[in-house]
Protein chains: 2
Amino acid sequence: MVRNFPEPEIFTLNCPTQQVLDIIGNKWSVIVLYCLAYGSKRYTQIQRRIEGISQKVLTQTLRNLERNGLIERIANIQSSTGIEYSLTTLGESLIEPLLEISDWSRANFEEVSTARDLYDANN
Amino acid sequence: MVRNFPEPEIFTLNCPTQQVLDIIGNKWSVIVLYCLAYGSKRYTQIQRRIEGISQKVLTQTLRNLERNGLIERIANIQSSTGIEYSLTTLGESLIEPLLEISDWSRANFEEVSTARDLYDANN
DNA sequence: CCGAATCCCCTACGATACTG
DNA sequence: CAGTATCGTAGGGGATTCGG
């Protein structure tokens, strides 16, 4: 029991929390958001930065984040090749909560890892 | 640009953050953790509480959370039907960060929703 | 440089039925 | 009560190829 929950609606289908989890609850969305939190970037910069992401999935992920208002796709007018992705104000406001998850992950990864090893050894 | 990142390792494959995201980045894990944050519960209590989850997926989700040390499965000795699930200390420490996501979701859901509607209308 | 278009695989998820 | 077993589908994800 951690604190009082103001929202029992959290267990109802398609409540705000579940919808947001659907947006960021895939393999790459959070990583892409982190990546853009350093500042706006071009497509290939993102791809080079994130190890292991394929072109198709990067495009899908960017579109989905753009669709939900978390990032912006800005075509630079002077240069023909100038397409930049950046966080919106909305997306930026989500970074802080997400960093809490990342902080927790680095702090508690050892414990998770040993729990997993122990479980796998016994089952 | 939100704050300085102490961890560029976040973009490397299977770093702590990505591994944790793999654990909780599915449809029901976070909801189940929320559910147990209210206190320990039996299997059917959880199932009744969470709208739309199937037996199979609930079992899978519980096993996975148990495997990674976030919840505990306790078989009560006196009663044959007494199996309780509860957060471990580790799992409890993850609730607070997760609640930040939930808070954000409720606070910013309107904006996400309208962004999505606007995008869908234009594409 | 920034993708779009295919093809294909695998797994998550769901529905249903059955069990100690 | 607390699951297992089985089947079927949708879509997430990857490799490759092509286009503006």
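Residues numbered from 1 in each chain as written. Chains lettered and ligands numbered in written order. Predicted model: local features only at pLDDT ≥ 70, side-chain atom pairs only at ≥ 80, totals over all residues. Heavy atoms only, no water.

### Concerning the pattern of salt bridges
Residues and elements named next belong to chain A.
- The full count for this structure, using the stated rule, is 5 salt bridges over all chains.
- With its nearest N and O atoms 2.9 Å apart, the salt bridge here joins Arg106 to Asp103. Taken together, the residues Arg106 and Asp103, both in helix H5 (residues 89-122) and 3 residues apart, mark about one turn of the helix.
- For Arg106, a relative accessible area of 26% gives the class partly exposed.
- By relative accessible area, Asp103 is classed as partly exposed at 29%. (Salt bridge = Lys/Arg side-chain N within 4 Å of Asp/Glu carboxyl O. Helix = DSSP H or I, 4+ residues; strand = E, 2+ residues; numbered from the N terminus. Buried < 20%, exposed > 50% of the residue type's maximum accessible area, 1.4 Å probe, protein only.)

### A look at the protein's contact with DNA strand D
- Of all residues adjacent to DNA strand D, which total 17 residues, the nearest are Lys27(A), Lys56(A), Thr44(B), Arg73(B) and Tyr85(B).
- For DNA strand D, the backbone portion of the atoms within 4 Å of the protein, that is sugar and phosphate, comes to 61%.
- Within the side chain of Gln55(B), an N or O atom sits 2.9 Å from a base oxygen of DNA strand D.
- With respect to DNA strand D, the backbone of Ile83(B) contributes an N or O atom lying 3.3 Å from a phosphate oxygen.
- Where the surface near DNA strand D is concerned, the elements lending two or more residues are helix H4 (55-67) of chain A together with helix H3 (43-49), helix H4 (55-67) and strand E3 (83-87) of chain B.
- Element by element, the count of residues in the surface near DNA strand D is highest for H4(B), at 4 residues. (Near = heavy atom within 4 Å. Polar contact = N/O pair within 3.5 Å; in protein donor to acceptor, adjacent residues only side chain to side chain.)

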